[in-house]
Amino acid sequence: MSNQQLTYSPFDPKVIADPYPVYRELRDNAPAYWSPDASSWVLSRYDGVSAALTDPATYSSASGIFPTPPGVDMTELFLPMLIMSDTPRHTQLRHLVSKAFTPRRIAGLEAGIHTLVDDLLDQAPESGPWDFVSGFAGPLPAIVIADMLGVPREDRDQFRTWSTTLIQSNPTRGEFGPGLDAAAALYEYFAAFLTERRAQPRDDLMTALVHAEVDGEHLSEDELLGFCLLLLVAGHETTTNLLSNSAVILAQHPDSRRQLADNPHLVPTAVEELLRYDSPVQGLARTLTRHLDLHGQRMKADDTVLLLFGSANRDDHAFPNADHFDINRHPERQVAFGRGIHFCLGASLARLEARIALQALLARRRDWDVDLDSALRLRSGPIRGYSSLALQ
Ligand code: HEM
């Protein structure tokens, strides 16, 4: 099949429902594909995605990480963010914020996450449908990141609404309005807390950011607000969808689910396979700093390239029989958290939350079904998951 016959857009509702058949076509027939709808080249093979992630000098993040129409610079629409920066600024910012994500600090969150998970599971109905997203997968990571940042837990519904609006806006169609309004609301929300932290420091991430220094200079107000937005959105939308996707996959694989319920120590490896099999972040973009000839295509400097993590993770060359879900697989090479300099800062936190959440869920319910007819998919290009999902 030629590039012309194949059509792929990350925003196509059919792709959002099930992207895996078209990913296979892309990998087999058009490993460097031009998507008119996304105004981007699309890389879908494991080797291509992995090579791009580890070559930030060619594949820049500084013009944004979502496909945008020609002439639109995402970084002009949002305040500066670590994830949308290149070296040397990236190295400085990453060093600074890494201090808050040390293994010791993350391990210190474990007891609190156990309590939170138990509280949420206690509130699940004894019988009948349970909205897994609003009752469990949504609040858990939202509360964890709210506590880390130091914002009130009670505000979680509000900031969840803002961040869900943000990830569902489709920048390739110029649908910036609702997403930008949500970002503006989040900036305003955080600004008040930052002012408060300057006056009254506390033992939280926001205070640490306010007082942090890079080469003797504090972060600007815009950089601080950008950080808060990134941590809030990256810190919970992704983990929420890892949990929701996991609930569906385990419902569809009852033998694996029972094996995990009987052997909770297998859950951490299963989490890696769940991340690989249905990656919460399906793809993010880069901008080329020079021209490249790849798979017979000439890609020009300044072109946008979408790196499909979700497809790389289903590449048979990297994971034999990749469409098969196998909790005994040990997929160490999976790229659901990216790779290279932008490797997910919150990966160990997300793994910890997922392990505790799934072990506790499996300890209470050996069996469950999901009602996919009534489930609502997130209408997001980059993020794969559900906005509502009934479990029973
Ligand atoms: C299952 C959950 C998660 C997934 C699948 C995920 C995925 C990713 C991916 C793919 C990247 C790479 C971005 C790129 O290469 O452009 C990334 C970066 C990042 N993630 Fe996560 N993430 C998750 C959870 C979290 C959590 C819990 C936090 C914070 C509390 C977080 C914070 C970040 C930050 C700050 C970056 C930017 C790092 C940088 O640019 O150096 N993520 N994440």
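Look up: the structure comes first, before these words.
**Student:** Looking at this model, I keep getting lost on the environment of Arg160. Mind explaining?
**Tutor:** Relative to the helices and strands, Arg160 resides in helix H10 (residues 156–168). Residue class for Arg160 comes out buried when judged on its relative accessible area of 15%.

**Student:** Before we go on, may I ask you to explain the nonpolar core in this structure?
**Tutor:** If you look at soluble globular proteins, the nonpolar side chains tend to sit buried side by side. Counting 122 residues, the largest nonpolar core has Phe132 and Phe190 as the members making the most contacts within it. If you tally residues by element for this core, the top one is helix H13 (residues 221–252), at 16 residues. Not counting chain neighbours up to four residues away, the residues in contact with Phe132 comprise Ala137, Gly138, Leu243, Ser244, Ala247, Leu361, Leu389 and Leu391. With 12 residues, the next largest nonpolar core counts Tyr20, Val22, Tyr33 and Val42 among its residues.

**Student:** Any chance you could explain the site of the ligand here in plain terms?
**Tutor:** Lining the immediate environment of the ligand, one finds 28 residues, of which His90, Arg94, Arg286, His342 and Cys344 sit closest. Arg286 is positioned such that a nitrogen or oxygen atom in its side chain is 2.7 Å from an oxygen atom of the ligand. Residue His342 places a side-chain N or O atom 2.6 Å away from an oxygen atom belonging to the ligand. Listed by contribution, the elements that provide at least two residues to the shell around the ligand are helix H5 (89–98), H13, strand S7 (283–288) and helix H17 (347–364). Looking at the shell around the ligand element by element, the count peaks at 6 residues for H13. Broken down by class, the residue content of the shell around the ligand amounts to 19 nonpolar, 7 polar and 2 charged.

**Student:** It is not clear to me how the pairing of strand S12 (residues 386–391) should be interpreted in this structure. Could you clarify?
**Tutor:** Moving residue by residue along a regular strand, the side chains alternate between the two faces of the sheet. Within S12, 5 of the 6 residues are buried, which leaves it mostly tucked inside the rest of the structure. When strand S4 (residues 130–131) meets S12, the two strands line up antiparallel, connected through 2 bridges. Note that in S12 the partner of Asp131 across the bridge is Ala390.

**Student:** Looking at this model, I keep getting lost on the pairing of strand S10 (residues 304–308). Mind explaining?
**Tutor:** The element S10 is extensively covered by neighbouring structure, given that 5 of its 5 residues are classed as buried. Of the two faces of S10, the one holding Thr304, Leu306 and Leu308 and the one holding Val305 and Leu307 are both buried throughout. Relative to S10, strand S2 (residues 40–43) is paired through 3 bridges, and the arrangement is parallel. Along S10, the bridge assignment pairs Val42 with Leu306. Note: S7 against S10, 5 bridges, orientation antiparallel.

**Student:** It is not clear to me how the coordination of the iron atom of the ligand should be interpreted in this structure. Could you clarify?
**Tutor:** Six octahedral donors around a metal ideally sit at 90 or 180 degrees from one another, while four tetrahedral donors ideally sit at 109.5 degrees. The protein supplies the iron atom of the ligand with one donor atom, Cys344 (SG), which lies at 2.3 Å. Topologically, Cys344 is positioned in the loop between helix H16 (309–312) and H17.

**Student:** Would you take a moment to explain the packing of aromatic side chains for this structure?
**Tutor:** For any pair of aromatic rings, geometry is given as the distance between the ring centres together with the angle between the planes. Taken as a whole and assessed by the stated rule, the structure comprises 13 aromatic pairs. Taking the centre distance of 5.4 Å and the plane angle of 45 degrees together, the rings of Phe132 and Phe136 count as tilted. On the criterion of helical spacing, the pair formed by Phe132 and Phe136 is a turn pair, its members being 4 residues apart in helix H8 (residues 132–137). For Phe132, a relative accessible area of 1% corresponds to the buried category. Positioned over the ring face of Trp368 is Arg257, at 5.2 Å from the centre of the ring.

Rules of the game
- Residues numbered from 1 in each chain as written.
- Predicted model: local features only at pLDDT ≥ 70, side-chain atom pairs only at ≥ 80, totals over all residues.
- Heavy atoms only, no water.
- Helix = DSSP H or I, 4+ residues; strand = E, 2+ residues; numbered from the N terminus.
- Buried < 20%, exposed > 50% of the residue type's maximum accessible area, 1.4 Å probe, protein only.
- Core = buried A, V, L, I, M, F, W, Y, C linked by side-chain atoms within 4.5 Å.
- Contact = heavy atoms within 4.5 Å.
- Near = heavy atom within 4 Å.
- Polar contact = N/O pair within 3.5 Å; in protein donor to acceptor, adjacent residues only side chain to side chain.
- Nonpolar A, V, L, I, M, F, W, Y, C, P; charged D, E, K, R; others polar.
- Pairing = 2+ DSSP bridges.
- Donors = N, O, S within 2.8 Å, 3.2 Å for Na, K, Ca; no water.
- Phe/Tyr/Trp six-rings, centres within 6.5 Å; stacked < 30°, edge-to-face > 60°.
- Lys NZ or Arg CZ within 6 Å of the ring centre and 35° of its normal.

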